[in-house]
Each structure stands twice: as structure tokens, then as C-alpha cells.
Amino acid sequence: MTSETTSEATAGPGRGAPRPTGCPTGVAASAAAPPAARTWAVDDLPALAFDPLLTELLEKEPVARIRLPFAARNEAWLVTRYEDVRAVTSDPRFSRTALLDQQVTKMTGHMVASKAALNYADPPYHTQLRKAVTKAFTGQSTRRLRPLAQASTDRLLDAMEAAGRPADLMKHLHGPLPMAVVCDLLGIPEEDRAELASWPDLILSSGPGPESSKAAKAQIHGYVIQLLDRRRAEPQDDLAGVLAESLAEGRITAEEAVSLAMAILISGAHAVRNNSANMVYVLLTRPELADRLRAEPGLLPQAVDELLRWIPHRNGVGLPRIATEDVEVGGVLIRAGEAVYASYLAANRDPAAFEDPDRLDFDREGIGHVSFGHGPHHCMGAMLTRMESEVMLSTLLDRYPRLRLAGSAEDVVWQSKGLIRGPKELLVTW
């Protein structure tokens, strides 16, 4: 459930949208023309190759003008340095709510996130919404879910072994386990889970197009409405119960409750599936790293964090922000009303923040990565994501000492036109 993967699926305006104001005192207006915009096609990259444009911009033009594949005439800024990314994503002068009024160059031809709830919210409204679900994402909640995740992992791998070798880990583990965990979190019964499985992929893709995405959103929306109705009648200790309680107490509206549930269901299932599979791919193609984790199991949490930093988990960038004042970032003046994208991927490879950043180093300590975002939109499911990854990796390493790819690394088929990167199939033997 990494940052910028959240997809919400209800319609309606956010609250308290800020409007651009004038240049603040002390920020000088520059008469210089902005730099020429870079056209960023965001093509599919091989395996886990890092985007060369991000590498170039980080080194040569850390605050750059870009055009993305859609609405390219509406240029935006892109910041890539660790310090600048953290500044933009935590500065209240850069607004998500202000996006509701603007057309910005973007990754897809259809709206992935809706105009409601967390993705387009700014504090204090954003803070209010997060409080409605924070109870379900505490360390205590993660500890409650861990044995359920372990039991699901064991059951899924038993079924994989029964099916025989070679086996597709995407089918047998990385697809069903994150969906099982997020369903456990929400309180979705076993008999309903198969129906939900394909919907997140249709929404979080730049390929299928608006009609498929809209239909999937409508189906999930209808299901969540029914689930919340059941929880109001029969309260339970799960996320649906937390949302139903917040709804009954008037802290959130019905549409906000549905949007929050949908965001967690979609991003939790889709992002963790791909991120965990990317981690396994790295270990299978770097067997010395897998051997080290088998020999030093206590290193696993630190290794998971380093894998989260190093793996380029998405294509392109997520949602931008709009400057509500003239603001200087990295020595460049960004005008009120201009759009700014922040690349967490590039920030994670900034040599000013991470020594030898392109090296995958399980001994790395110190400064934290920004794979879960930064500021108010930091991913609330970070602990849950780490837990799922640890459970999957530790179980695979312990259970299969000879786990390996069924073919060569070049044989692995990768997803195409997805916003989140990952293998389409991951065939293994043991």
C-alpha cells in the first residue's frame, strides 16, 4: 500500500478548497521564462529498470517542466530531490483540493481517483477523514492481522504445492494474499472475496480506459454500501465496523465512508501484490541476498525497508498539487495556480540523501525512504504493508530453500500500461 496508489471511487466535491492567492511578501517574482518542458512518455520499462528521465532530471534539472501523455498542453512542474519532494508534500501552500478546479497534464486519459475524500483533501478536512479510520491501522491492529496473514499464506502455499511445479506466484500468493489481508481488515466474508478480486486492476491501470474503470468503481461502491449497512445492524471489530461507527456518530458522511473503504480495498490489494512480487523477483535474481536473509532472519524488517526504497514501484508519478501562492522550491519560483508533481522514486535515489543510492544494501541505516509518501498524505497502511511483505518473504525463504525462477529472468512477463509496476507472471520451482 505504497504512497500514491490510493484510488477512491465516489463523486462529489471536497470541502474547504483553497483558492490561489497572490505572491507572498518576500518572494520575488521572476520575469524569466520557465524552462522548456520535457515530454515524458512514461513507456513500459524492462523489469525493474529505473526510469532514465528521473535519473537525468535528478542530476541536471531537479525542478523541471514536464508534459505527460494526456492533457500535454497543460504543463506541470516535477521535483525530484529528496529535500524538495519532502518540502512540497508537507507545505500547506501546495494543495490537492485545488486540483478540482484545474486540468493538469497527467498519466491517464481517465480519472483514477475520484473527486472525494483523501486523495483530493487538504487539512483540516483531510485530518478529519484520516481520524475516521486511524483506529484500524494501529500497531495493535497490525499484530491482530499478522497471524491471519500467516495462516492465509500457509494455506495458499499448500494449494500451490498441490497444483505442482512450476507454479505462478502471482496466481498462488501475491494476488490472493494481499486481497485476503485487506478483506480481513475490512471484514469482508470469504464467500464475497472472489467477486472483488479483479476490480482493483481495472481501476489502477492506464490501459483499459474509462468505461472499464467506471464499471469496476460502481461495482465496488455498491458492495461497500451493502457491507456498511450490515455493520450498522451487526457491529464488528473491523474497519467496516469502525467506518459504520464513525458514520453513525456523524463524524463522516455515507459517501465519505464508502470512499475511504474503497480506497483501502483497491490500493491495499493492488499495490501490495505488485510490491511484494517485485521483492521476490529481486531475491530470486540476486540469490546471494536470499541466502543472507535465510542466514540472518532478524535482518528481514530492515531488508524489506531497503527493498521498498530501491524498487521503482510505479510508472511515472501520482497526483500533483497546486501552488496556492508563489513559492520558491529548489531555487525555482513556482507561481500560484501552477501544478507540481513530486517523484518519491527519484527522491529515494537522491545521492544527497542516500550514499550510493543505486546500490541495494540490506545494511543501510539512517535516513528514511519516502516510498509511503510524506506529509499529510503519508500512507496510513505502511505498517500493514511491511507486515505482509515480511510474512510472504519469510515464509517463502523458510519453506523453500531451493526456490528459484522456473526459467530465466528474461522470461518473466511484466505488466504493461499499469500505474503500479510488477510481474504479470512469476513462475517458480523449488
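Residues numbered from 1 in each chain as written. Predicted model: local features only at pLDDT ≥ 70, side-chain atom pairs only at ≥ 80, totals over all residues. Heavy atoms only, no water.

Some points on the sheet that holds strand E5 (residues 167-168)
Read from one edge of the open sheet, three strands run E5-E11-E10, paired in antiparallel fashion. Of all the strands in the sheet, just E5 and strand E10 (404-405) have a single pairing partner and so form its edges. With two bridges connecting them, E10 and strand E11 (residues 427-429) associate as antiparallel partners. Within E11, the residue paired with Arg404 across the bridge is Thr429. (Pairing = 2+ DSSP bridges. Helix = DSSP H or I, 4+ residues; strand = E, 2+ residues; numbered from the N terminus.)

Notes on the packing of aromatic side chains
Summed over the entire model, instances satisfying the criterion amount to three aromatic pairs. Each ring, one from Tyr281 and one from Trp414, has its centre 4.9 Å from the other, and the planes form 85°; the classification is edge-to-face. In this pair, Tyr281 is assigned in helix H11 (residues 254-285) and Trp414 in the loop between E10 and E11, connecting sequence segments 133 residues apart. Using a relative accessible area of 18% as the deciding quantity, one classes Trp414 as buried. Residue placement shows Arg65 over the ring face of Trp77; its charged tip is 4.8 Å from the ring centre. The aromatic ring of Phe354 is capped on one face by Arg309, whose charged end is 5.2 Å from the ring centroid. (Phe/Tyr/Trp six-rings, centres within 6.5 Å; stacked < 30°, edge-to-face > 60°. Buried < 20%, exposed > 50% of the residue type's maximum accessible area, 1.4 Å probe, protein only. Lys NZ or Arg CZ within 6 Å of the ring centre and 35° of its normal.)

Looking at the nonpolar core
With 86 residues, the main nonpolar core has Phe137, Leu185, Leu239 and Phe362 as its most contacted residues. In terms of residue count, H11 provides more of this core than any other element does, 17 residues in total. Residues Trp40, Ala76, Ile322 and Tyr341 belong to the second largest nonpolar core, which totals 24 residues. (Core = buried A, V, L, I, M, F, W, Y, C linked by side-chain atoms within 4.5 Å.)

So, the pattern of salt bridges
In this structure the tally under the stated criterion is 27 salt bridges. Ionic pairing is found between Lys135 and Glu245, a salt bridge with its closest N-O pair at 3.9 Å. Here Glu245 lies in helix H10 (residues 239-248) and Lys135 lies in the loop between helix H3 (125-131) and helix H4 (139-163), a separation of 110 residues in the sequence. We classify Glu245 as partly exposed; its relative accessible area is 35%. Salt-bridge contacts for Arg146 lead to Glu390; the nearest nitrogen and oxygen are separated by 3.2 Å. Residue Arg146 is located in helix H4, and its partner Glu390 is located in helix H15 (residues 382-399); the two are separated by 244 residues in the primary sequence. Ionic contacts of the salt-bridge type, sharing partners, join the residues Arg38, Glu56 and Glu61 into one network. (Salt bridge = Lys/Arg side-chain N within 4 Å of Asp/Glu carboxyl O.)

As for the sheet that holds strand E2 (residues 63-67)
The strand order E1-E2-E3-E9-E6-E4 describes an open sheet built from six strands, whose pairing is mixed. Of all the strands in the sheet, the pair left with one neighbour each is strand E1 (38-39) and strand E4 (94-95). Here E1 runs beside E2; their pairing, made up of two bridges, is parallel. Residue pairing in the sheet places Arg38 in a bridge with Ile66 of E2.

Things to note about the confidence of the model for the protein
Across the protein, the average pLDDT comes to 88, with 86% of residues at 70 or higher. Confidence over residues 5-31 falls short of pLDDT 50; this stretch has 76 contacts with residues more than four positions distant or in other chains. (pLDDT = per-residue confidence, 0-100. Contact = heavy atoms within 4.5 Å.)

Structural notes on unusual backbone geometry
For the peptide bond that leads from Pro123 to Pro124, omega is 5°, which places it in the cis range. Of note, Ala47 is a non-glycine position whose phi angle comes to about 45°, a positive value. Looking at the secondary structure, you find Ala47 in the loop between E1 and helix H1 (52-60).

Side note on the environment of Leu228
Tracing the backbone through its elements, the reader meets Leu228 in helix H9 (residues 210-233). By relative accessible area, which is 3% here, Leu228 ends up buried. If sequence neighbours within four positions are ignored, Leu228 has contacts with Ala240, Leu243, Ala244, Ala257 and Val258.

A word on the packing of H11 against helix H12 (residues 287-295)
Where H11 contacts H12, the two axes come as close as 4 Å, and the packing angle between them is 100°. Of the possible angle classes, the one that applies to H11 and H12 is roughly perpendicular. In this structure, H11 contributes Val282, Leu283, Leu284 and Thr285 to the contact, and H12 contributes Pro287, Leu289, Ala290 and Leu293. Split by residue class, the contact of H11 with H12 holds seven nonpolar, one polar and no charged. (Axes fitted to C-alpha atoms, helices over the stretch in contact; angles between N-to-C directions. Parallel < 35°, antiparallel > 145°, perpendicular 65-115°, else oblique. Nonpolar A, V, L, I, M, F, W, Y, C, P; charged D, E, K, R; others polar.)

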